[in-house]
Amino acid sequence: MSRPPALERSIASVDGRTALFASHCRGCGRVLFPVGSVCAQCGGADLDRQALSPTGSVFAWTAVHRAAPGWKVPYVVALVDFPEGPRIFAQVDAAPEAMRSGMPVRVAFGRPPAGQPDDAYCFTVEPS
Ligand SMILES: [Zn+2]
């Protein structure tokens, strides 16, 4: 699995499971994804890294019907709200017919959604 450099510090193991990590600003309390070195809210640099919950809820989603060669369409992408605060863009391992706003989802690692290329993802979410 290859990851964009911005995500290298945002995916790691904690308590025997792989998790998404975010930056927590000690100055203003904002939790930001991906992990960074400066707070996008207040500009502060006093940040620590924290694991995000493995579950969130779909804020909004759409089905993609045209894609690069090698991608099976349609596939679903969504903005997912995590309890700690970040709203994260992710591919959803679910059919468009199964989607609804507000549905609970779980973060998944280690495999791409069905029919998608191995090198085109870092993590996905799936209905929980
Ligand atoms: Zn801040």
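Structural data are supplied above this passage.
The structure presented is a predicted model; accordingly, all values stated were derived computationally and were not measured. (Residues numbered from 1 in each chain as written. Predicted model: local features only at pLDDT ≥ 70, side-chain atom pairs only at ≥ 80, totals over all residues. Heavy atoms only, no water.)

The secondary structure content of the chain amounts to zero helices and nine strands. Tracing the chain from N to C terminus, the helices and strands come up as β-β-β-β-β-β-β-β-β. Against the globule reference of 14 Å for 128 residues, the chain gives a C-alpha radius of gyration of 15 Å, in line with a compact fold. Taking the principal axes of the C-alpha coordinates as reference, the chain spans close to 45 × 30 × 30 Å. Counting every position in the chain, which comprises 128 residues, the buried fraction comes to 37%. Excluding contacts between residues fewer than 6 apart, the proportion of contacts in the chain whose partners are at least 24 apart in sequence is 46%. As displayed, the chain has an accessible area near 6900 Å², and 51% of this comes from carbon and sulfur atoms. Across the chain, the 12 positively charged side chains and the 11 negatively charged ones have centroids separated by 3 Å. (Helix = DSSP H or I, 4+ residues; strand = E, 2+ residues; numbered from the N terminus. Rg over C-alpha atoms; globule rule 2.2 N^0.38 Å. Buried < 20%, exposed > 50% of the residue type's maximum accessible area, 1.4 Å probe, protein only. Contact = heavy atoms within 4.5 Å. Areas by Shrake-Rupley, 256 points an atom, 1.4 Å probe, with all protein chains shown as cover. Lys, Arg positive; Asp, Glu negative; His and termini not counted. Charge placed at Lys NZ, Arg CZ, Asp CG, Glu CD.)

A barrel is described by the order of its strands in space; here five strands give the closed sequence β5-β6-β7-β9-β8, paired in mixed fashion. Pairs of neighbouring strands in the sheet enclose a mean axial angle of 50°, with direction left out of account. (Pairing = 2+ DSSP bridges. Axes fitted to C-alpha atoms, helices over the stretch in contact; angles between N-to-C directions.)

A full pass over the atoms with the stated rule returns three salt bridges. One salt bridge connects Asp-46 with Arg-26, and the closest N-O pair in it is separated by 2.8 Å. Placement of Asp-46 in the loop between β3 (31–32) and β4 (47–51) and of Arg-26 in the loop between β2 (17–25) and β3 is noted, with a sequence separation of 20 residues between them. If you follow the salt bridges from partner to partner, you end up with Arg-26, Asp-46 and Asp-48 in one network. (Salt bridge = Lys/Arg side-chain N within 4 Å of Asp/Glu carboxyl O.)

The next thing to look at is the coordination of the zinc ion. Around the zinc ion, the protein supplies Cys-25 (SG), Cys-28 (SG), Cys-39 (SG) and Cys-42 (SG) as donor atoms, at distances of 2.3 Å. If you look at the zinc ion, its four donor atoms make angles of 103 to 118° with each other, and the shape they trace is tetrahedral. (Donors = N, O, S within 2.8 Å, 3.2 Å for Na, K, Ca; no water. Tetrahedral: all angles 85-135°; square planar, octahedral: opposite > 155°, others 65-115°.)

Let us look at the packing of aromatic side chains. Each aromatic ring pair is characterised by the separation of its centres together with the angle its planes make. For the coordinates displayed, the defined rule picks out three aromatic pairs. Their ring planes at 90° and their centres at 6.3 Å tell us that Phe-33 and Phe-123 sit as a pair that is edge-to-face. Here Phe-123 lies in the loop between β8 (104–108) and β9 (124–127) and Phe-33 lies in the loop between β3 and β4, a separation of 90 residues in the sequence. Residue Phe-123 is classed as buried on the basis of its relative accessible area, which comes to 9%. Taking 5.1 Å as the distance between ring centres and 40° as the angle between the ring planes, the aromatic pair formed by Trp-71 and Tyr-75 counts as tilted. (Phe/Tyr/Trp six-rings, centres within 6.5 Å; stacked < 30°, edge-to-face > 60°.)

Bringing the environment of Gln-50 into the picture now. Checked against the element boundaries, Gln-50 lands in strand β4. Put simply, Gln-50 and Ser-10 are 40 residues apart on the chain and 9.2 Å apart in space, counted from C-alpha to C-alpha. When sequence neighbours within four positions are dropped, the list of residues in contact with Gln-50 reads Leu-20, Phe-21, Ala-22, His-24, Val-31 and Glu-84.

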